[in-house]
Amino acid sequence: MKTSIIGYPRIGSLRELKFASEKYFRNEIAADALQKTAKKLRLENLTVQRESGLDFIPSNDFSFYDGMLDTAVLLNAVPDRYRNLDLSELDTYFAMARGYQGEKGDVKAFAMKKWFNTNYHYMVPEMDDHTEIKLTGSKPFALFTEAMENGIKTKPVLIGPYTFLKLAKYTGEKAAADFVFPIIAAYGEILKQLSGLGAEWVQLDEPCLVLDMTAEDKALFIQLYEKILAEKHGIKVLLQTYFGDVRDCYSELCTLDFDGIGLDFVEGKQSLTLVQQNGFPKEKALFAGVVNGKNIWRNHYSHTLLTISELQKHCGEIVLNTSCSLLHVPYTLKNETKLADSYQKHFAYAEEKLSELAELKRILASETHVETEEYQHNLYLFMEPRGGSNPEVQKKVAVLSEQDFVRLPVFAEREKIQKERFKLPILPTTTIGSFPQTAEVRANRAAFRKGEITETQYETYMKEKIAECVKLQETIGLDVLVHGEFERNDMVEYFGECLDGYLFTEKAWVQSYGTRCVKPPIVWGDISRAKSMTVKWSKYAQSLTDKPMKGMLTGPVTILNWSFPREDLSLKESAYQIALAIREEVLDLEANGIRIIQVDEAALREKLPLRKSDWKSDYLDWAIPAFRLVHSGVKPETQIHTHMCYSEFADIIKEIDDMDADVITFEASRSDLSILDVLKENHFRTEVGPGVYDIHSPRVPSKEEIKTALHKMLERIPVEKLWVNPDCGLKTRGNAETVPSLENLVNAVKEIRNENF
Ligand code: GLN
Ligand code: ZN
């Protein structure tokens, strides 16, 4: 049995590509130095893969920024506004990725979107009526040749034409259908050239096939591939899917003339059943995605062998594969010097997944595979207790009853009680939580972490910052204040560090977009609150003012979605454990005199399942209750806020209302405010603070602008339900723009309040 992977991380095991690219952006190194770093990283990847014994080694999985963007460039889909800058090829590419502002012009970047259900973001290709799709790029050929020169015949990987057309944005009159013939020709040319260079296989990634497909989608897919496969130029075509199953087009996949089909048996709920019920064409190779490309836990060999033996009943050649590209996991455990072996042995990052594939291959090749040492070793690993279990937490989750998820009294009654208690003016003003995090703030946190300053010194410094922040908000005239979140590096990492059951890594970076990487914490065991996490800071901040001080927490769904989750426990169960821990903090804050508590769910929408039919049963049915569990125990007069970093929740509007928060703030300034109509139509009950200005830009919004936004909002939202706040937290901004922006916000509100309400 051969082995394959879909793609490998490319940012560098120590983020070398990130640092080199950023130096290049700052003009500190030249293009050829950047190219040299990139080449070195590619060769390192090839070497690691070859040495592991991998049979199908991918090429063209490298990218300076993003694979969709690469495909756009390959296919000549470069809008005129970038061409007209008249920059070098590389700089045109980076202009599309990051925008360009300089002597040659001023253009915005391509839009960026989340890549399916991952935390990776892709650049959205733009097609206008002048776009002429044809093969103009050379990267797949150059990288294939580069690997050949190093003695490795690779399997070039490309985004397939269906996914490319489906994810592109059409800015003119033309739609996907108008580009079908040229894109068929371009892919034909790609196959021809790769074949000419000596490639045996090419992998075309079509993750869009795991989404719900309409009849029209299916027709487009068939139209594309019937033609492309009619002339393969002697190269074998692997159609690769991932992130789910292909239930809507399985029979078409089997009928079309692919030489290999890659299916995901980790996330594809129905993949195995599809093969069992419909069979699998014997003349095609099945690339069986059995090693999880998204999570960092070791593969459970006995489970994998079961799947494989089931597949063997139906298939001809089977190739062992990862479930998706390894782009979504960190490079190697070798860089985790601080993580004890008792933990490490349970993990497999990209490099270790290569070893797993090699081991599985050896096990399957041996006559008595269950007796092989590798199999036994793996079996033992999963049998031995690995610690991290907390019976008390498990019990708390087990005894949860319906009432634990219900806050009483009902919303309308609480609203009355709270209006009475807080006596806030109409259109109360507030912020989302964080205030500008200066280099000095970060340096102080780092110094404390490294033991360079004492805890007392650190606390004194933080208290000074909090006092400054409170004073500033009072001077500006905001109504509901925050402490500023200076103690936090990141809204998830901070809580992970305070919670029992979490593990932290040193170098487990995963690319989020372009040169940005994240280091998700790992849910290791049962989660509980070891100590109070925010009470000290909030209580101190409240002691400085008579105005209500918001307690500031991250919600369970967001904490979970931005971590590597457990595989031995359901997401629902993990979410409830985290929810119970955050609930304790909520009650602790309340007991310490905090009257308003905000629980951020910035990532709630992110992990909505890819298929709409799974939304409720697989996700919303536990995610929404997990949030409710956090706050259902507070007194009627305690006000619960939540915040979301987007306004695209029209399709889950009822569920958002069902979270039963008292107030929700969200990002609205960059959207067209159509969400307000949806709120109105649905009689949205929760009070709302749609962000009145965009904090992602250094621009200072004028008072007039904010008034205009508010007037629009007031046309759709009853005045007694409307809050006024920026879009999101201010931590990435400087004081220079934050202060005037908030002043304009408060002054705009003051003027509107005088307009006879
Ligand atoms: N309270 C957080 C902050 O203000 C929220 C961050 C976020 O929504 N991403 O920074
Ligand atoms: Zn936000």
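In the block above lies the structure referred to throughout.
The present account deals with the structure reproduced in this document. (Residues numbered from 1 in each chain as written. Chains lettered and ligands numbered in written order. Predicted model: local features only at pLDDT ≥ 70, side-chain atom pairs only at ≥ 80, totals over all residues. Heavy atoms only, no water.)

### What to know about the nonpolar core
Soluble globular proteins tend to pack their nonpolar side chains together in the buried interior.
And then number 1: If you look at the biggest cluster of nonpolar residues, it comprises 134 residues, and the most contacted ones within it are W115, F164, L165, Y225, F258 and F347.
And then number 2: With eight residues, the top contributor of residues to this core is helix α8 (residues 180–197).
And then number 3: Apart from residues no more than four positions distant in its own chain, F164 is found in contact with M68, T71, A72, L75, A77, P125, M127, I159 and I183.
And then number 4: Among the nonpolar cores identified, the runner-up in size contains 103 residues, and L499, I582, M644 and I652 belong to it. (Core = buried A, V, L, I, M, F, W, Y, C linked by side-chain atoms within 4.5 Å. Buried < 20%, exposed > 50% of the residue type's maximum accessible area, 1.4 Å probe, protein only. Helix = DSSP H or I, 4+ residues; strand = E, 2+ residues; numbered from the N terminus. Contact = heavy atoms within 4.5 Å.)

### Focus on the sheet that holds strand β23 (residues 687–690)
And then number 1: If you walk across this open sheet you meet the five strands as β19-β20-β21-β22-β23, and the pairing is parallel. This sheet does not close on itself; its edge strands, each paired only once, are β19 (550–554) and β23. Direction aside, the axes of adjacent strands within the sheet are offset by 20° on average.
And then number 2: Strand direction decides the pairing type here: β19 and strand β20 (residues 596–600), joined by five bridges, are parallel. The residue of β20 that forms the bridge with T554 is D600. (Pairing = 2+ DSSP bridges. Axes fitted to C-alpha atoms, helices over the stretch in contact; angles between N-to-C directions.)

### Focus on the sheet that holds strand β12 (residues 260–264)
And then number 1: Strand order across the open sheet formed by eight strands is β1-β14-β13-β12-β11-β10-β8-β2, with parallel pairing between neighbours. Only two strands of the sheet have a single neighbouring strand rather than two, namely β1 (2–3) and β2 (58–59).
And then number 2: Bridge count for β2 against strand β8 (residues 155–159) is two bridges, and the pairing is parallel. Looking at β8, one finds that S59 is bridged to P156.
And then number 3: Against the sheet, helix α14 (residues 350–365) engages β1, β13 (285–291) and β14 (318–322), with an angle of about 155° to β14.

### Structural notes on unusual backbone geometry
And then number 1: Going from L408 to P409, the amide bond is cis rather than trans, its omega being -5°.
And then number 2: The residue P409 is located in the loop between α16 (391–398) and α17 (411–422) in this model.
And then number 3: The backbone of N76 sits at a positive phi, close to 70°, despite the residue not being glycine.
And then number 4: Structurally, N76 can be placed in the loop between α3 (67–74) and α4 (80–83).
And then number 5: Exposure remark for N76: the relative accessible area of 11% places this residue in the buried category.
And then number 6: You will see that F243, though not glycine, has its phi angle at about 75°, which is positive.
And then number 7: You can see F243 is positioned in the loop between β11 (236–240) and α10 (250–255).

### Observations concerning the packing of helix α23 (residues 571–591) against helix α24 (residues 612–631)
And then number 1: Two numbers describe how α23 lies on α24: the axes approach to 7 Å, and their chain directions differ by 15°. Classified by the interaxial angle, the pair formed by α23 and α24 is roughly parallel. The two elements α23 and α24 meet at a crossing, and its hand is right-handed. For the pair α23 and α24, contact is made by L571, K572, A575, Y576, A579, L580, I582, R583 and V586 and by D621, W622, P625, A626, L629 and V630, respectively. (Parallel < 35°, antiparallel > 145°, perpendicular 65-115°, else oblique. Left-handed = near helix turned anticlockwise from the far one by under 90°.)

### Description of the coordination of the zinc ion (ligand 2)
And then number 1: Only H643 (NE2), C645 (SG) and C728 (SG) from the protein coordinate the zinc ion (ligand 2), and they sit 2.1 to 2.2 Å from it.
And then number 2: Around the zinc ion (ligand 2), the four donor atoms sit at angles spanning 81 to 121°, and that spread fits a shape best called irregular.
And then number 3: When its relative accessible area of 2% is taken as the criterion, H643 is described as buried.
And then number 4: Overall, C645 belongs to the partly exposed group, its relative accessible area being 30%. (Donors = N, O, S within 2.8 Å, 3.2 Å for Na, K, Ca; no water. Tetrahedral: all angles 85-135°; square planar, octahedral: opposite > 155°, others 65-115°.)

### Side note on helix α28 (residues 735–753)
And then number 1: With 19 residues, α28 extends 27 Å between its outermost C-alpha atoms, agreeing within 8% with the 27 Å of an ideal straight helix rising 1.5 Å per residue.
And then number 2: Residues of α28 that are buried: E737, T738, S741, L742, N744, L745, V746, A748, V749 and I752.
And then number 3: Those residues of α28 hidden inside the fold are in contact with α19 (455–476) and α27 (703–716). (Expected span 1.5 Å × (residues − 1).)

### Considerations on the packing of aromatic side chains
And then number 1: A full pass over the atoms with the stated rule returns 30 aromatic pairs.
And then number 2: Between F116 and F243, the ring centres sit 5.6 Å apart and the planes meet at 40°, which makes this aromatic pair tilted. Of the two residues, F116 sits in the loop between β5 (112–114) and β6 (121–123) while F243 sits in the loop between β11 and α10, which places them 127 residues apart along the sequence. As far as the burial class goes, F116 and F243 line up, both buried.
And then number 3: Here a set of aromatic residues connected by ring pairs shows up, and it is made of Y24, F25, F62, F64, Y93 and F94.
And then number 4: Lying across the ring of F25, R98 places its NZ or CZ 3.5 Å from the centre.
And then number 5: The side chain of K463 reaches across the aromatic face of Y540, ending 5.1 Å from its centre. (Phe/Tyr/Trp six-rings, centres within 6.5 Å; stacked < 30°, edge-to-face > 60°. Lys NZ or Arg CZ within 6 Å of the ring centre and 35° of its normal.)

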